[in-house]
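As a plain string of letters, each chain reads:
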Amino acid sequence: MFGVLLVLLSVIVICVLIVKKFYPAWSLFVVGLVTVLIVALVTGDPVATGKKATGFLGFDILGIFSNLLTSRTGGLGMNIMIIGGFGYYMSKIGATSALVHVCTKPMSLINSPYIIMVLGYVVGQCLNVVLGSAVGLAILMMVTVYPLMLSAGVSRQSACASVAMTGAFGLSPLGANNLMATKLTGIHVMNIFVDYQLVIAPVVLVIICIVHYFVQRYFDKKDLATGHITAADFVAKDLSEADKSEKAPAYYAIFPLVPLAFLFIFSPLVYDGIKLDIITAVMASMIITFVIDCINRRNVKESFANIKVFFEGMGKIFSSTVVLIVCAEMFAAGLTRSGGIATLIDAASNFGGGYLIVYAVMFAIIGLSTFVMGSGNAAFFSFAPMIPGICQAVGGNAQWMLTGMQLSSGCIRSMSPISGCVIAISGLANISPFEIVRRTAIPMLTSYVCIFIMSSILA
């Protein structure tokens, strides 16, 4: 019982800290550290044994973080940094903007305003598979698709909701959550994407589109009639200054797709005669892009200078994502050592519900954590490491559970008023983030329930 209470207390404390806008990564680290310390003092069990033991409790606890940082930076963390750096480079040379423009151009041929709005969401969701960064994609969508939606006849509130939901699912083989899942289960990242995520996501996507269409049309009519919004909310504003990337030829739109193409071709899905890891795939894509960029610019020195963004981007990803992963795992280590998770598993097994009950509890916890933290990554990284052990104890498929938790965390993030994506959109559109969340809540909660049902059945 002590362990369960400590788990609940730890989750409550981290939620309070995040709501009060404490730095999320350090908040997770501190709460995890204190939890491990409390467990060690109460139980008397050693934190480290053998060669890892330092002889001092404080250093042993910090050793948990040190070991996590060392292992994650060299493996999972390096993959994430390489991918992030490539994304910054693609944005710098204009390839990302080119891809967005190519994908959204056909939308201008459609006359129905809410169909355009829904298609804008679908396009954004598909682009998220390639681009990975929800915030970066949202800014590009605000520059390109947002004005198109307003020109078609929807309100800026509806358009912002569409853009905010493009980050739902986190559906990308190159996403940090996917890389964490493959680390935990040993399943190839492309197999996770094709065999697991693409089984659930398309069905939920159709449901979201239908709900989104009717919800936004209802709110636009109701809010316009009550004076909550006015005709001015249907007028597009120029947001082009938000796009800092240079203009590039349309064929540059191919470049962000190259790493995915490499990983798909040289995987168990197509041809496994050649073993290709993520870092090699991204670096090969970088070299191909660099050579073509040199030819296009006819300025080798400028092309060399642009490569600097790649390495600077790796540093930014380390400070934002990799550190968050390690601190979240420190928090997870505290929860695991408390024994509360094991108690929960035993209770579910004795109750007779086993896997389904534990999954429902974990699903609810990750949903609440994502909403409070405003980050699907932070919530997923905190609880994902526990899943293989839970499934081993109560049965069920670990990857299906991880898939459901990952997809749902992306959906809940899109309805959190403190998520980076929602805040960025609200700032560009000059409306309250709570107004955006009011429009995204129903579609995202619907998808949350659908994901739980499908992943539970499939597991």
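Relevant structure appears above.
Read on for a plain summary of the structure. A quick note: this is a predicted structure, and the numbers were derived from the prediction, not measured. (Residues numbered from 1 in each chain as written. Predicted model: local features only at pLDDT ≥ 70, side-chain atom pairs only at ≥ 80, totals over all residues. Heavy atoms only, no water.)

**With respect to the overall build of the chain**
Here is step 1: Within the chain, the regular secondary structure consists of 20 helices and 0 strands.
Here is step 2: In terms of overall size, the chain behaves like a compact globule, its C-alpha atoms giving a radius of gyration of 23 Å where 459 residues would be expected to give roughly 23 Å.
Here is step 3: Projecting the C-alpha coordinates of the chain onto the three principal axes gives extents of approximately 65 × 60 × 40 Å.
Here is step 4: Looking at the chain residue by residue over its 459 residues, the buried ones come to 54%.
Here is step 5: Long-range contacts, defined here as pairs at least 24 residues apart, represent 79% of the contacts in the chain between residues at least 6 apart.
Here is step 6: Accessible area for the chain stands at about 19,000 Å²; split by element, carbon and sulfur atoms hold 69% of it.
Here is step 7: Where the 25 positive side-chain charges of the chain centre and where its 18 negative ones centre are 3 Å apart. (Helix = DSSP H or I, 4+ residues; strand = E, 2+ residues; numbered from the N terminus. Rg over C-alpha atoms; globule rule 2.2 N^0.38 Å. Buried < 20%, exposed > 50% of the residue type's maximum accessible area, 1.4 Å probe, protein only. Contact = heavy atoms within 4.5 Å. Areas by Shrake-Rupley, 256 points an atom, 1.4 Å probe, with all protein chains shown as cover. Lys, Arg positive; Asp, Glu negative; His and termini not counted. Charge placed at Lys NZ, Arg CZ, Asp CG, Glu CD.)

**Considering the packing of aromatic side chains**
Here is step 1: Counted by the stated rule, this structure contains 19 aromatic pairs.
Here is step 2: Judged by centre distance (5.2 Å) and plane angle (65°), the ring pair of Tyr251 and Tyr252 falls under edge-to-face.
Here is step 3: Residue Tyr251 is classed as partly exposed on the basis of its relative accessible area of 40%.
Here is step 4: Ring centres of Phe290 and Phe304 lie 5.1 Å apart, and the angle between their planes is 85°; on these two criteria the pair is classed as edge-to-face. In this pair, Phe290 sits in helix α12 (residues 278-297) while Phe304 sits in helix α13 (residues 300-338), placing the two residues 14 residues apart along the sequence. (Phe/Tyr/Trp six-rings, centres within 6.5 Å; stacked < 30°, edge-to-face > 60°.)

**Re helix α8 (residues 156-164)**
Here is step 1: Within α8, 9 of the 9 residues are buried, which leaves it mostly tucked inside the rest of the structure.
Here is step 2: Among the residues of α8, Arg156, Gln157, Ser158, Ala159, Cys160, Ala161, Ser162, Val163 and Ala164 are the ones counted as buried.
Here is step 3: Packing partners of the buried residues in α8 comprise α6 (113-131), α7 (134-152), α10 (189-226), α19 (420-429) and α20 (433-458).

**Describing the pattern of salt bridges**
Here is step 1: Under the definition given, this model contains 8 salt bridges.
Here is step 2: The salt bridge partner of Asp233 is Arg156, with a shortest N-O separation of 2.5 Å. One end of the pair, Asp233, is in the loop between α10 and α11 (258-265); the other, Arg156, is in helix α8, and 77 residues separate them in sequence.
Here is step 3: Note on Asp233: relative accessible area 7%, which makes it buried.
Here is step 4: Its salt-bridge partner being Lys308, residue Glu312 comes within 3.7 Å of it at the nearest N-O pair. (Salt bridge = Lys/Arg side-chain N within 4 Å of Asp/Glu carboxyl O.)

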